[in-house]
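# Understanding the architecture of this molecule
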Amino acid sequence: MTAVAASIPPSWYLLLAATMFCVGLLGVLTRRSALYFLMSVELMMNAANINFVAFALYYGDLTGQVFALFVIALAAAEVAIGIGIILVLYRNFGVTDVTVPTEMRW
Amino acid sequence: MSDSSSGVGSRIVPVIAVAALFVVMALTALSAEFGAVTGFPADASIVHNIGYALFGLGEYDVTTVPAEGFLAAFLIAAVALDVAVDGAVYLAKREEDGSIVAAVGQALTDGGDRQ
Amino acid sequence: MIDVFSYVPAIVLLPFFSFLVALGGGKYLPKGGAFGGIAATAGSFLLSLWVLATVAGGQVANRTIYTWASAGGIGPTDVELSFGILVDPLSALMLVIVTLVALLVHVFSLGYMNDEGETGLPRYYAGLGLFTASMLGFVVADNLLMAFMFFELVGLCSYLLIGFHFREPGPPSAAKKAFLVTRFGDYFFLIGVVAVLATFGTAQFAGPESFPALAEAGEVAWTPGGLALDTWFTIVGLLVLGGVVGKSAQFPLHTWLPDAMEGPTPVSALIHAATMVAAGVYLVARMYGFYALSPTALAVIAFIGGFTALFAATMGVVKDELKQVLAYSTISQYGYMMLALGAGGYVAAVFHLTTHAFFKALLFLGAGSVIIAMHHNEDMWDMGGLKSKLPVTYYTFLAGSLALAGIFPFAGFWSKDEILYEALVHAPGEPLLFGGYLMGLLAVPVTAFYTFRMVFLTFHGEPRSATARDPEPVRWNVKGPLTVLGSLAVVTGFINMVPVQKVLGIEGIDLLHLWLDNHWGGIEGLSSHHYADLGPYSSEYLVGGEVGTVLVGAAVSLGLALAGLGLAWRLYGVPSPTEHTAKLGGIKDVLYNNYYLDELQVWLAYRTEDVAGVANVFDQGIIDGVVNGVSSVSLFGGNRIRRIQSGVVSQYTALLTLGLVALVLVLGVTGGWFL
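Counting of residues starts from 1 at the beginning of each chain's written sequence and follows it residue by residue. The naming scheme follows written order: chains are lettered A onward, ligands numbered 1 onward. For a predicted model such as this one, the threshold for reporting local features is a pLDDT of at least 70, and the threshold for listing and counting side-chain atom pairs is 80 or more; totals across whole chains, interfaces and linings nevertheless cover every residue.

Next up on the list: the overall build of chain A. Counting from the N terminus, the helices are DSSP H or I runs at least four residues long and the strands are E runs at least two residues long. Helix and strand counts for chain A come out as three helices and one strand. Helices and strands appear in chain A in the N-to-C order β-α-α-α. By the compact-globule yardstick of 13 Å for 106 residues, chain A is too spread out, its C-alpha radius of gyration being 18 Å. Over its C-alpha atoms, taken along the principal directions, chain A stretches across nearly 60 × 25 × 25 Å. We compute the radius of gyration from the C-alpha atoms alone; for a globule the expected value is 2.2 Å times N to the 0.38, where N is the number of residues.

Structural data, given as structure tokens:
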């Protein structure tokens, strides 16, 4: 017997996730501070998590929720490394502006 | 940390790109067909089942909600988190006077006074 | 029973091996490869004598050795291209001549090059070896294409040997000139070879399937645009004649031969007197069955020959250098041979070829001896009085000069007289032939004059410089070949004493006639009476019938020769001769500058360069422009597109997003997601 039924059609969840993802992407593309950059990346990852959980409910399979857990864990790991990289960036360039280091160019 | 914005003009390309992506994703989402709805059983303990799934106990008759086994992924994620912490600590080390200085080491042994 | 003809390729290959030996190991050999060359040419000479004896015994050979392009539908007929040998009386005779002269020149080179301390000897002997091999290959060639290949090889060796002293400015320029002028003629020759192959499907010289036989029977596979057979044969004959004119230094392609005297004198003796320039005449003689079918071609040959004979003789009169006089003499004498061929005197031409090879090689080697003695000073006005100091050289040189001038009973008299006789009896009714005869006749006293001017200035009178008073002595390796050739210059005439036969009625002493008439055996269709039958000429005798004509002709030519000799004696046979030619004034300048023909050819070359300049502009501007344009598109495009990579990571991410959008759109549209 279905209790927690999926009364909201999954397309709404998908739209919500898409919106969050795009907002996060906009932040990645336009923010100049490295910390805001990281925050936007987090937002993108959580958008994907919403998708996972929505479909886990809809199809009655817990795989989606477990996967979302893993994503959260690895997002944390990634932020740890990311902060370390920002630290080194600051040491070498004096600012945390991501538009300042332009070594990977022609 | 305030972010100095240079106006919309220099950001037109990212905005267009993001808008296009959103449109595409929305169109895909709205035109997709999903299968039959199945929710979770009402009396199932979700957290317990998540635990069973994490440890790969699916073949023992304890699960009430179907899931895949994630034991290997669990262990690998543990290792990855471990590596991340070590990496973060290493990246944070400073080089001062030719020797590598760890912030923690200095904090614990400087007697509280900072020079 | 030993098949001697299977050794004929060895005649060609022995000097080739000496070339390889001299090239590879010459610097380790004691005389720089000379002994290898002498051994090889001696071996070839002995084999040639053996071949001659075999042909005299009645055997001949016309066989293919190696087919390098077999019949498979090239052109209108199935053409087969091969290497082979053709040994008949004519080629056997030529083999002996070439190998003998080559052997004597090799021995002479020991004295001229080695004893004089020349450097680069391995290169010299290698060049001589390769040249001998190429010339012998040309002589035994059984088809026109093989003959053409060896023709070109011979020209190459001439280039290499003329430019032997390449560090001085003169020789490389002369070598280039020789190669380019002969190459110009060889271009027409090549077209002629292709024409022969296309017309007859074969380029064989002899046999029932050879192209002269097919031409005689009128069986052609193809003519361009439906030309009449006679016209087409004439055109083909004249095309091949282009190569002959170039190689045998006839007008107008004679300009290279005097400059070729920049090469060492033994090279001049071998190549530019006896063998390479003989290649052209030999080729016409080889193909005579084809030329005999075309009266126009024969008339052209005769006229060119007669004209060249007189033309070159006039230029030889005013030259001051010893070898230059001999060079113009060579051009003139080959003019005589062409006159003979054009007049239907096949045997006369071959006879003169033989005697000329010997006495001209003798004269050049004698000049080499004088040059050694005079420490390489060639100006005749610095010589004089060498008669008593170089007796062997003097007497052999004198024998050669008497032969050249055509004085009885030396070799040149018999052959030159027969040429003029043949031209005379075939001339009535043929204006070009008669013109050629007159010019040839006029050249006789001029020849005698310049020859003896040369002899008197060099050997008689008082010495005019310190070197002439005290010349360097020459050794046996110089005197030996001179003696051999000197004797030959005296006796060679006796192999074909046609006037004696006709006047005294003795049969059988015209040995060369019988030899070339397949009397002792030969290939069907390549005999002189066959050519006479094919040819358009009939003999008309003057007063007194045949005997009378012979006597009158001989008397006139001998008289003119003696007159020329006498004039030279009077002017130059004095103790201190003066430059009498200066009295000719402006004419002397024209003659000395070779009628300004060299300047004309250079001018023509510059005009060709202008035409070539247009093609060059086209090549560089349009073709290169297109290629460079294509590459510049790539360069320019790349230069602009790389600026996308600005180094700012946000912009990279933006590009990522755009790419993702595009990809998803494409996938969605083609996958039918949205429809």
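Once you've had a look at it, read on.
Attention now goes to the overall build of chain B. Looking only at helices and strands, chain B features four helices and three strands. In sequence order, chain B lays out its α and β elements as α-β-α-α-β-β-α. Put plainly, a residue is buried at 20 or more neighbouring C-beta atoms within 10 Å of its own, exposed at 12 or fewer, and partly exposed in between, counting only other residues' C-beta atoms, which are placed from the backbone. Residues classed as buried in chain B amount to 11% of the 115 residues present. Throughout, a pair of residues is in contact if the C-beta atoms placed from their backbones lie within 7 Å. Relative to all contacts within chain B whose residues are 6 or more apart in sequence, the contacts with residues 24 or more apart total 6%.

Attention shifts here to the interface of chain C and chain B. If you look at the interface, chain C gives 10 residues, while chain B gives 10 residues. Looking at the side of chain C that touches chain B residue by residue, the classes come out as eight nonpolar, two polar and no charged. Gly counts as polar in this scheme, as do all residues outside two lists: the nonpolar Ala, Val, Leu, Ile, Met, Phe, Trp, Tyr, Cys and Pro, and the charged Asp, Glu, Lys and Arg.

Another point: helix 6 (residues 170–200) of chain C. Residue and element names in this part refer to chain C. Here a helix's expected span is defined as the number of its residues, less one, multiplied by 1.5 Å. The first and last C-alpha atoms of helix 6 sit 44 Å apart over 31 residues, in line with the 45 Å expected at 1.5 Å per residue. Note that the bend at a residue is defined as the angle between axes fitted to the seven residues ending at it and the seven residues starting at it. By the largest-angle criterion, Phe184 marks the main kink of helix 6, which is about 30 degrees. The positive-phi residue at the C-terminal boundary of helix 6 is Gly201, with phi of around 80 degrees.

This paragraph deals with the nonpolar core. Membership of the largest hydrophobic core comes to 229 residues, with the highest contact counts inside it found for Val101(C), Val281(C) and Ala361(C). Here the element with the most residues in this core is helix 15 (residues 346–373) of chain C; it accounts for 20 residues. Val101(C) has contacts with Leu270(C), Ala274(C), Thr275(C), Ala357(C) and Ala361(C), leaving out every residue within four places of it along the chain. Counting 18 residues, the second largest nonpolar core, distinct from the first, contains Leu14(A), Leu25(A), Leu26(A) and Val98(A). Connectivity within a nonpolar core runs through C-beta atoms within 7 Å, and the core itself is a set of buried Ala, Val, Leu, Ile, Met, Phe, Trp, Tyr and Cys residues.

Residue and element names in this part refer to chain C. An axis is simply a line fitted to the C-alpha atoms; with a helix, the fit covers only the stretch in contact. Between two such axes, the angle follows the N-to-C directions and lies from 0 to 180 degrees. In the contact formed by helix 4 (residues 121–140) and helix 5 (residues 144–162), the axes pass within 8 Å of each other and the chain directions differ by 160 degrees. Considering their axes alone, helix 4 and helix 5 lie roughly antiparallel with respect to each other. In this structure, the crossing between helix 4 and helix 5 has a hand that is left-handed. Judged by residue contacts, Gly127, Leu130, Phe131, Ser134, Met135, Gly137 and Phe138 of helix 4 engage Ala147, Phe150, Phe151, Leu153, Val154, Cys157, Leu160 and Leu161 from helix 5. A class-by-class count of the residues in the contact of helix 4 with helix 5 yields 12 nonpolar, three polar and no charged. Roughly parallel means an angle under 35 degrees; roughly antiparallel, over 145; roughly perpendicular, 65 to 115; everything else is oblique. Less than a right angle of anticlockwise turn of the near helix away from the far helix marks a crossing as left-handed, whereas a clockwise turn marks it as right-handed.

A few words now on the interface of chain A and chain B. The interface of chain A with chain B comprises 41 residues on the first partner and 39 residues on the second. Going through the elements one at a time, strand 1 (2–4), helix 1 (10–30), helix 2 (34–59) and helix 3 (63–93) of chain A are the ones with two or more residues in the side of chain A that touches chain B. At 14 residues, the largest contribution of residues to the side of chain A that touches chain B is made by helix 3 of chain A. Partitioning the side of chain A that touches chain B into residue classes produces 30 nonpolar, eight polar and three charged.

Residue and element names in this part refer to chain B. On a range of 0 to 100, pLDDT expresses the predictor's confidence in each residue. Overall, the prediction assigns chain B a mean pLDDT of 78, with 73% of residues at 70 or greater. Looking across chain B, the model is least confident in strand 3 (residues 99–101), with a mean pLDDT of 54, and most confident in helix 3 (residues 71–92), with 92. Note that pLDDT drops below 50 for residues 1–5; the model gives that stretch seven contacts with residues more than four away or on any other chain. Note on the complex model: pTM 0.72, ipTM 0.87.

Moving on: the packing of helix 14 (residues 322–342) of chain C against helix 17 (residues 411–426) of chain C. A pair of packed helices is characterised by two quantities: the angle between their axes and the separation of those axes. Residue and element names in this part refer to chain C. Look at helix 14 against helix 17: their axes get within 9 Å of each other, and the N-to-C directions meet at 40 degrees. It follows from the interaxial angle that helix 14 and helix 17 lie oblique. Note that helix 14 runs across helix 17; the crossing there is left-handed. Residues Tyr336, Leu339 and Ala340 of helix 14 touch helix 17, and the partners they reach there are Lys416, Ile419, Glu422 and Ala423. Each residue belonging to the contact of helix 14 with helix 17 can be placed in one class, and the counts come to five nonpolar, no polar and two charged.

A few words on the environment of Ser7(A). All names here are of chain A. Looking at the element boundaries, Ser7 is found in the loop between strand 1 and helix 1. Its 7 C-beta neighbours within 10 Å are what place Ser7 among the exposed residues. Residues Ser7 and Leu87, spaced 80 residues apart in sequence, show a C-alpha to C-alpha distance of 46 Å.

Here we come to helix 1 (residues 12–31) of chain B. All names here are of chain B. With 20 residues, helix 1 extends 28 Å between its outermost C-alpha atoms, agreeing within 8% with the 28 Å of an ideal straight helix rising 1.5 Å per residue. Every buried residue belonging to helix 1 is among Pro14, Ala17, Val18, Leu21 and Val24, and all of these are buried. Around the axis of helix 1, the buried residues are gathered within 125 degrees of arc, so they sit on the same side. Across helix 1 from its buried face, at more than 90 degrees, point the exposed residues Ile12 and Ser31. The arc refers to the directions leading from the helix axis to the C-beta atoms.

Attention shifts here to the environment of Leu442(C). With respect to the helices and strands, Leu442(C) occurs in helix 18 (residues 431–459). In this structure, the C-alpha to C-alpha distance between Leu442(C) and Gly306(C), residues 136 residues apart in sequence, is 9.4 Å.

Residue and element names in this part refer to chain C. Between Phe251 and the following residue, Pro252, the backbone shows a cis peptide bond with an omega angle of 0 degrees. You can see Pro252 is positioned in the loop between helix 8 (229–247) and helix 9 (256–259). Along the chain, Phe408 connects to Pro409 via a cis peptide bond; the corresponding omega equals -5 degrees. Within the secondary structure, Pro409 sits in the loop between helix 16 (391–405) and helix 17. Unusually for a residue other than glycine, Ala249 sits at a positive phi of about 55 degrees. Of note, Ala249 is situated in the loop between helix 8 and helix 9. Given 30 C-beta atoms within a 10 Å radius, Ala249 is considered buried. In this structure, His376 takes a positive phi of about 65 degrees despite not being glycine.

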